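Chains, contacts and geometry: an overview
Residues per chain, in single letters:
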Amino acid sequence: MMRETLVNVFLFLLLPVTALAAFALDEPFIITLATKAAILALAGVGLNIALGLGGLVSFGHAAFFGLGGYAMGILAAHAQSYTPIMESPFLIEGTKSMPIIWLVAIVVSALAALLIGALSLRTSGVYFIMVTLAFGQMLFYFSISWPAYGGEDGLSIYVRNGFPGLNTLNPLTFFAIAFAVLALVLLFAGRLARAPFGLALSAARQNAERVESVGLAPFRLRLVAFVISGAVTGLAGALFADLNRFVSPTMFSWQTSGEIMIFVILGGVGRLFGPVAGAALFILLEHVLGGLSEFWHIYLGFLLLMVVLFARGGMIGLIAGREVAHD
Amino acid sequence: MSFILLVEQVLNGVQSGVMLFLMAAGLTLIFGVMGLINLAHGSLYMVGAFAAAAVAAATGSFLLALVAALAAAALAGCLIEMTVIRRLYDRDHLDQVLATFAMILIFSEGTRFFFGSFPLFLDIPAALAGPVTLPGGIQYPLYRLVIIGVGLAIAAGLFLLIARTRIGIQIRAGEADREMIAALGVDIAKLYTLVFALGAALAGLAGALVGAIQSVQVGMGEPVLILAFVVIVIGGIGSIKGALIGALLVGLTDTLGSVLLPLFFANFMEASAATSVGSSLASMSIYILMAGVLLFKPTGLFGEA
Amino acid sequence: MTEQMTDVLLDVRNLHKSFGALKATDDVSITLRPGEIHALIGPNGAGKSTLIKQIAGGLRSDSGSVHFAGQDVTPLSTVQRARAGLGRTFQISSLAMEYTVLQNAVLGALGQSGRVMRFFAPVMRQAALRAEAMRALELVGLADHAAKRTSDLSHGQRRQLEVAVALTLRPKVFLMDEPMAGLGASGSREMTGFLDGLRAEAPILLVEHDMDAVFALADRISVLVYGRIIASGTAAEIKADPQVRVAYLGEEDAA
């Protein structure tokens, strides 16, 4: 079996095993950490579709993370206060049902990605990076100054949202939900990479001229990738806000965009399970190192620097070696 | 909206603009000559401010504080250029973004480690405190006028440097064709370190000058960094002229927007709604401006395709 | 002598392109008939790459038009012209370097099929695309190397792969920019033999510097100097043309 497959299996089992062990040892906090890792990994998987597969350095993915979070926050806030979001021309009420919230989060993020992508993808290189950053900033400042949903203080949701048939207040149950979503998305992302779309998108990353010369349009490929990528990250945002029962403008910040990138890079950009490895490592560092020193970001910084300078393939690259060209 | 208030806000916009220019000029030089995206520029701004605050507190001299800011930032710049940055010139943009982002983490937490989380204070020197009466009877803080003056003087100095000196020629040649100037025998390593240190010094100076008006604290550099990137994207990467015009545009848009937009909305909304809508739009306005410019000129006003 | 317009697969008519005061393309007309290899030669700086870009789609001409098999492709982009039937190879091999040889060929077949917005089924297992890709690889002689990473190929093999990808497009017309570039003597001979057989697939507009290949392959030769076609005809006619001799050899007559 290829080494990368072994690593992937390990990473896939890591979170559920951790959660189950924590459950057995009656450490609900660790279950929550595993859940957080799964959700952040999901955000990273979303970014990886644009970044790893498509080569699009988006420094504004927090825009989608935040939109997903606020989709949840707004729907749940209106549900918990029993006031409709809109009365005319249609009646739109809030909801605390996860499947509906997820659907809204995905649709809103996809639409935003369509708009942002259509504008940003007309630029390239450093301009693209800056434009995506700018859109993230726009949403950040907007959410701070719009008073209706908490502004700078953010919005609290008193009770976790519901999933039909399940007790979502139970940490292990919520972990299972988050992990199931992650597993499904990983399956989808894996298939996407091997599908015609993935072949063409990755080719466009390597050589756009070649893709054009076979009659495929890089812009269209990248836009679709950006939309899918934004939708997945938006879904992660909704789950994240649900985990914390809190959504705030920080979800839109450029630091958040940077962190999502860090998960992807630490694990290995372009590797399917890279974000899982990266998110798990990040959570580990945050809680282990963070417990030892309040300045743990310095260590994160050095680690990131070392990975970028010397371990281009991230953790998975170090362990599993150079990516084997498949088929 | 009185005329006096308008003039005051315009001057504030110009002042904010010239400080942004100091940041943007360094960024655009570094990108133009070395092809490097440097997110750590905000950290160098912060280093300058902290150095100034520390030296001012120790010696009581603002002038020494400014010198310290220049020196500390330039030194920090040289240090990171020689250890980390020079490994990034041949890398792709993603690697540069991540590595310099890592440096933000290191600088910010490092500063917090040494100086703590509470802001430091840097006082405007007594000689420059207080208002000045401008033609027309308008009162305006002397210090801010001095900042405008310093900023414009540096702009002029940079233009002269680029246009008239040997270093300037090397810089312009380096922007045009990196490989060629190496082939022509220019010491690339030294040139790059010099350009980086120059950019760092400008950032540090800006940090110190602005630190006296706002506060000196960890993380002060990042909002300015992002604005500076917006400036060079609007102005066109690699163009100092673009950096100046872009900086003034952004400074004015930001300052005037946050004052004028709420007033504008007050015409058809009640006061508190007008303020919130107005301020939201104002803070987004710079990014809307940038998006607008890029739609018509994808490489900025004065950039090359 | 008028050409049978229905017969002409590539019809470039009266292209003009200026950059400021510099006239890079001056009233250039070229045609390509089925089964033909039409070589375009000229000294450096003659404007060959500018002309290629106007035919392939990356550069808009000031005036004139380009037609593939009767269809006016002048307003179309590079991508659209590829879909309209142009199989182009680049002077510097332009391939997806991380991919295997087979993946690059499948990419071409995928482009030809146009069904790229498919997100679930693994592309490398699609029999039709694989078959198309393998056919092209067999024709160029790379079938045994299908699993090799493109970055591990030799220069000559990359030139072969370049042609294979163009083949998967089942183009109406080939536009080949210096396919011999960088090939040694034996590599050039092999490529020459190969291109000779390739004309049965589709006619070739061959831009080349390698005169041995040009004289061996070309049914017609057009000579581009300072943006103008100064002569056009068979190999024998071109060799004898005094203007061509001046352009290539200067005022001195090389015996």
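Note that the structure is a prediction, hence the values are computed from the model and not measured. (Residues numbered from 1 in each chain as written. Chains lettered and ligands numbered in written order. Predicted model: local features only at pLDDT ≥ 70, side-chain atom pairs only at ≥ 80, totals over all residues.)

Some words on the overall build of chain C
Each helix and strand in chain C was counted, giving nine helices and ten strands. Relative to its length of 255 residues, chain C is compact, with a C-alpha radius of gyration of 19 Å against a globular reference of 18 Å. If one aligns the C-alpha atoms of chain C with their principal axes, the spans along those axes are about 60 × 40 × 35 Å. Within chain C, residue pairs in contact and separated by at least 24 positions form 66% of the contacts whose partners lie at least 6 positions apart. (Helix = DSSP H or I, 4+ residues; strand = E, 2+ residues; numbered from the N terminus. Rg over C-alpha atoms; globule rule 2.2 N^0.38 Å. Contact = placed C-beta atoms within 7 Å.)

A word on the sheet that holds strand β10 (residues 228-233) of chain C
Residues and elements named next belong to chain C. Read from one edge to the other, the open sheet built from six strands follows the order β6-β7-β8-β3-β9-β10, with strand pairing classed as mixed. One side of each edge strand has no neighbouring strand; the edge strands of this open sheet are β6 (86-89) and β10. Between one strand and the next, the sheet's axes are offset by a mean angle of 15°, whatever the strand orientation. For strand β7 (residues 173-177) and strand β8 (residues 204-207), the ladder comprises four bridges, and the chain directions are parallel. Within β8, the position partnered with D177 by the bridge is V207. Packing against the sheet, helix α1 (residues 48-56) makes contact with β3 (37-41), β6, β7, β8 and β9 (220-225), and its axis sits at approximately 150° to β7. (Pairing = 2+ DSSP bridges. Axes fitted to C-alpha atoms, helices over the stretch in contact; angles between N-to-C directions.)

A few points about the interface of chain B and chain A
Between chain B and chain A, the contact holds 35 residues from the first and 34 residues from the second. For the side of chain B that touches chain A, the secondary-structure elements that each account for two or more residues are α4 (93-115), α9 (221-235) and α11 (271-296) of chain B. Per-element accounting of the side of chain B that touches chain A gives the leading share, 15 residues, to α4(B). Class assignment of the residues belonging to the side of chain B that touches chain A gives a composition of 24 nonpolar, seven polar and four charged. (Nonpolar A, V, L, I, M, F, W, Y, C, P; charged D, E, K, R; others polar.)

What to know about the environment of C:R60
Residue and element names in this part refer to chain C. Along the chain, R60 falls in the loop between α1 and β4 (63-68). With 11 C-beta atoms packed within 10 Å, R60 lands in the exposed category. Separated by 14 residues in the primary sequence, R60 and T74 place their C-alpha atoms 8.2 Å from one another. (Buried ≥ 20, exposed ≤ 12 C-beta atoms within 10 Å, placed from the backbone.)

Thoughts on the UniProt feature "transmembrane region" (unreviewed entry) in chain B
Residue and element names in this part refer to chain B. The UniProt feature table records "transmembrane region" (unreviewed entry) at residues 20-40, 46-76, 97-122, 142-163, 191-213, 219-237, 244-265 and 277-296. Secondary structure across residues 46-76 divides into 94% helix and 0% strand, with the first and last C-alpha atoms of the span separated by 11 Å. Measuring from the first to the last C-alpha atom of residues 277-296 gives 27 Å, for a span that is 100% helix and 0% strand. (UniProt positions renumbered as here; feature names shortened; annotations may be inferred.)

Describing helix α10 (residues 254-267) of chain A
All names here are of chain A. Taking 1.5 Å of rise per residue, the 14 residues of α10 would be expected to cover 20 Å, and the 20 Å separating its terminal C-alpha atoms lies within 8% of that figure. Among the 14 residues in α10, 13 count as buried, and that is most of the element. Phi turns positive, to about 130°, at G268, one or two residues after α10. (Expected span 1.5 Å × (residues − 1).)

Here's the deal with the sheet that holds strand β2 (residues 22-32) of chain C
Strands belonging to one sheet form pairs held by backbone hydrogen bonds; the direction of such a pair is parallel or antiparallel. All names here are of chain C. Strand order across the open sheet formed by four strands is β2-β1-β4-β5, with antiparallel pairing between neighbours. This sheet does not close on itself; its edge strands, each paired only once, are β2 and β5 (71-72). Pairing of strand β1 (residues 10-19) with β2, which is carried by eight bridges, proceeds in the antiparallel orientation. Paired with L10 across the strands is L32, a residue of β2. The sheet strands contacting α1 are β1, β2 and β4, and the helix crosses β2 at an angle near 55°.

Some remarks on the interface of chain C and chain A
Each side of the interface is counted separately: chain C has 33 residues, and chain A has 21 residues. Counting residues per element, the ones that place at least two in the side of chain C that touches chain A are α2 (78-84) and α3 (101-113) of chain C. It is α3(C) that provides the largest number of residues to the side of chain C that touches chain A, a total of eight residues. Class assignment for the residues of the side of chain C that touches chain A results in 20 nonpolar, seven polar and six charged.

With respect to the confidence of the model for chain C
Of the residues in chain C, 95% reach a pLDDT of 70 or more, and the chain-wide mean stands at 90. If you check the scores for this complex, the pTM reads 0.92 and the ipTM reads 0.90. (pLDDT = per-residue confidence, 0-100.)

Focus on the nonpolar core
Counting 304 residues, the largest nonpolar core has A:L42, A:A200, B:A52 and B:V230 as its most contacted members. With 16 residues, helix α2 (residues 28-53) of chain A is the single largest residue contributor to this core. Domain assignment of the residues forming this core places at least three in each of domain 1 (1-85 + 171-255) and domain 2 (98-169) of chain C. Beyond its immediate sequence surroundings of up to four residues, B:A52 is in contact with B:A65, B:L66, B:A68, B:A69, B:L122, B:A208 and B:G211. (Core = buried A, V, L, I, M, F, W, Y, C linked by C-beta atoms within 7 Å. Domains from an automatic or database assignment.)

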